[in-house]
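# Structural features, examined
Listed below are the residues making up each chain.
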Amino acid sequence: MEYSNYLYLAVLLFCVGAATVLLRRNAIIVFMGIELMLNAANLAFVTFSRMHGDITGQVVAFFVMTVAAAEVVVGLAIIVSIYRSRRTVSVDDVSLLKN
Amino acid sequence: MTSPAEAVLFWCLAPLMVLASLGLLFARKAVHATMSVVFVMICLAVLYIANEAPFLGIAQVVVYTGAIMMLFLFVIMLVGVDASDSLVETIRGQRYLGWMIGVGLTIVLLTFLARVSFDQGIGHSATVDQNPTAIARTLLGNYVFPLELVGILLVTAALAALTMTHQRRLHPRVSQKDLADARVAHGRRLTPLPSPGVFAGRNAMDVPALDPDGNPVESSVSRVLRARGQDQVAFVDPDIVQLTEAGESAPATWNRVNANTESAPEAAAPNDSVDKSTPEEQEK
């Protein structure tokens, strides 16, 4: 098996995550789509790191994980505060600036 | 090239992972989507370890599955489990366009990947035995400054989450002292309500307590039972009445054999018909 099979898997996961962001309305599920995309990128990083025998790819994947953790904390706090004021988690209903 | 065992592992896990990630796209309930993403994360951790990155595999389980996805579950429980998607389209043709872009992106990326030729690959044969050490050397050697920045980022994120979910208290907090003061001011009852069955023949929930004069106290029976009309009339013991008339103090309830218990209609309960030994045991 070639190493590039991991890259195909990463591409598939990334595309499913991107389609989730485009298609779903629930803000929490959209957020999980972003997480899936980050994870797919991580898998690609790890695979390339192995291909080139260079540990830097794993270090970058580690940074991605940390940034993702920070991003999740802030994003979920935003979702919770929107839910508190508007009683919805649908991304379509948040249109305060419209009209 | 990888070993055959790794190929077997990959071909077992990869289809399952893609299926589970499709659950994110199609699951109606947010909890189901979360569980499928948790499955994908755990499988990714296994693939990291197979990819000669054991440190990242463990960090994946700890950070993603253990912290981030559980945070997602908490938030889903907070905003309501059955907060499902609305089916109304606010942007015209968004669903159609989204599918187009998603499928198009997949095709573009896959064909791009198919046209690129990768060389055999080196692998981490030199560093895999001391993987965390090698990562630490790179992280704390070449990437110290980004690491500091990430630390600042994490602190900022924690503060942001605190300030964003903070709620200002609109009314002053009501303490126990305020409640007690209000009770005194409105002339309500200051003590707890009497418990049912005090000084009565039995201490069941539906038997009102007797006051010192032998009259039943309405408020001792639960309000629900009173509203349903399920409360019993207080059982007044004729022995006590006789003793009271004679001017003697009545003995404690548990020392007397209650003559009326067997004839009373309430005694038809299965417990009472089985054991007619002593009232002491019936009390229990």
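Residues numbered from 1 in each chain as written. Chains lettered and ligands numbered in written order. Predicted model: local features only at pLDDT ≥ 70, side-chain atom pairs only at ≥ 80, totals over all residues. Heavy atoms only, no water.

A separate point is the overall build of chain B. In terms of helices and strands, chain B carries eleven helices and two strands. For chain B, the α and β elements follow one another from N to C terminus as α-α-α-α-α-α-α-β-β-α-α-α-α. Across the 284 residues that make up chain B, the buried fraction comes to 28%. Intrachain contacts of chain B at a sequence separation of at least 6 include 41% that bridge at least 24 residues. Carbon together with sulfur atoms contributes 64% to the accessible area of chain B, which is approximately 19000 Å² in total. (Helix = DSSP H or I, 4+ residues; strand = E, 2+ residues; numbered from the N terminus. Buried < 20%, exposed > 50% of the residue type's maximum accessible area, 1.4 Å probe, protein only. Contact = heavy atoms within 4.5 Å. Areas by Shrake-Rupley, 256 points an atom, 1.4 Å probe, with all protein chains shown as cover.)

With that settled, the discussion passes to the environment of Leu73 of chain B. Residues and elements named next belong to chain B. With respect to the helices and strands, the residue Leu73 is situated in helix α3 (residues 54-79). Relative accessible area serves as the criterion here: at 16%, Leu73 is assigned to the buried category. With 42 residues separating them in the primary sequence, Leu73 and Val31 have C-alpha atoms 7.0 Å apart. Those residues in contact with Leu73 that sit more than four places away from it in its chain are Val31, Thr34 and Met35.

Attention now goes to the interface of chain B and chain A. Taken together, the contacts link 86 residues of chain B with 69 residues of chain A. For the pair chain B and chain A, the summed buried surface comes to about 7300 Å²; carbon and sulfur atoms form 72% of the total. If you sort the residues of chain B by the area they bury against chain A, Leu24, Asn51 and Phe72 of chain B come out on top, with a joint share of 9%. Linking chain B with chain A are two salt bridges, by the criterion used here. (Buried area = accessible area lost by both parts, 1.4 Å probe. Salt bridge = Lys/Arg side-chain N within 4 Å of Asp/Glu carboxyl O.)

Note that Gln94 of chain B resides in helix α4 (residues 94-115). Note on Gln94 of chain B: relative accessible area 18%, which makes it buried. Reaching out from Gln94 of chain B, the side chain makes a polar contact with the backbone oxygen of Leu22 of chain A at a distance of 2.9 Å. A polar side-chain atom of Gln94 of chain B sits 3.2 Å from a polar atom in the side chain of Arg25 of chain A. (Polar contact = N/O pair within 3.5 Å; in protein donor to acceptor, adjacent residues only side chain to side chain.)

For the structure shown, the criterion picks out three salt bridges over all chains. Ionic pairing is found between Arg50 of chain A and Glu6 of chain B, a salt bridge with its closest N-O pair at 2.9 Å. Note that Arg50 of chain A is positioned in helix α2 (residues 27-52) and Glu6 of chain B in helix α1 (residues 4-26), a pairing that runs across two chains. In this structure, Arg50 of chain A and Glu6 of chain B share a single accessibility class: buried. Each of Arg50 of chain A together with Glu6 and Glu52 of chain B takes part in a single network of salt bridges with overlapping partners.

This paragraph deals with unusual backbone geometry. Backbone geometry at Glu52 of chain B places phi at a positive 60 degrees, although glycine is not the residue there. Structurally, the position occupied by Glu52 of chain B is in the loop between α2 (30-50) and α3.

Looking now at the environment of Arg84 of chain A. By secondary structure assignment, the location of Arg84 of chain A is in helix α3 (residues 56-86). Ignoring anything within four residues of it in the chain, the contact list for Arg84 of chain A reads Thr165 and Gln167 of chain B.

Turning our eyes to something else, we now look at the environment of Leu193 of chain B. Residues and elements named next belong to chain B. Secondary-structure assignment places Leu193 in the loop between α7 (176-185) and β1 (209-210). Relative accessible area serves as the criterion here: at 54%, Leu193 is assigned to the exposed category. Along the sequence, Leu193 and Ser219 sit 26 residues apart, while their C-alpha atoms lie 6.9 Å from each other.

Counting all residues, the mean pLDDT for chain A is 88, and 95% of those residues have values of 70 or more. Ranking the elements of chain A by mean pLDDT puts α3 of chain A last, at 90, and helix α1 (residues 4-23) of chain A first, at 93. (pLDDT = per-residue confidence, 0-100.)

Turning next to a nonpolar patch on the surface. Together, Leu22 of chain A together with Tyr96, Leu97, Met100 and Ile101 of chain B make up a nonpolar patch on the protein surface, roughly 520 Å² of accessible area in all. Top element by residues in the nonpolar patch is α4 of chain B. It accounts for four residues. (Patch = residues over 30% accessible without salt bridge, like charges linked within 9 Å, V, L, I, M, F, W, Y side chains within 5 Å.)

A word on the confidence of the model for chain B. Detailed reading of the predicted coordinates is not advisable wherever pLDDT falls low. Across chain B, the average pLDDT comes to 79, with 77% of residues at or above 70. Between residues 253-284 of chain B, whose pLDDT stays under 50, and residues either more than four places distant or in other chains, the model counts 27 contacts.

Right, let's get into the nonpolar core. Residues Leu9, Ile28 and Met32 of chain A together with Met17, Met69 and Phe72 of chain B are the most contacted members of the largest nonpolar core, which totals 62 residues. Looking at this core, the elements with two or more residues in it are α1, α2 and α3 of chain A together with α1, α2 and α3 of chain B. Contact partners of Met32 of chain A, with chain neighbours within four places excluded, come to Leu24, Ala30, Ala33, Thr34, Val37, Met69 and Phe72 of chain B. Within the second largest apolar cluster, seven residues are counted, among which are Phe63 of chain A together with Ile135, Leu139 and Val150 of chain B. (Core = buried A, V, L, I, M, F, W, Y, C linked by side-chain atoms within 4.5 Å.)

With that settled, consider α2 of chain A. Residues and elements named next belong to chain A. The terminal C-alpha atoms of α2, which comprises 26 residues, lie 38 Å apart, in line with the 38 Å expected from a rise of 1.5 Å per residue. Counting buried residues in α2 gives 19 out of 26 residues, a clear majority hidden from the surface. For α2, the side-chain oxygen to backbone nitrogen distance between the N-cap and Ile28 is 3.1 Å, and the N-cap itself is Asn26. Among the residues trailing α2, Gly53 stands out with phi positive, at a value near 65 degrees. (Expected span 1.5 Å × (residues − 1).)

Inspection of the entire model under this criterion finds seven aromatic pairs over all chains. Members of the aromatic cluster, joined through ring pairs, are Phe62 and Phe63 of chain A together with Phe55 and Tyr143 of chain B. (Phe/Tyr/Trp six-rings, centres within 6.5 Å; stacked < 30°, edge-to-face > 60°.)

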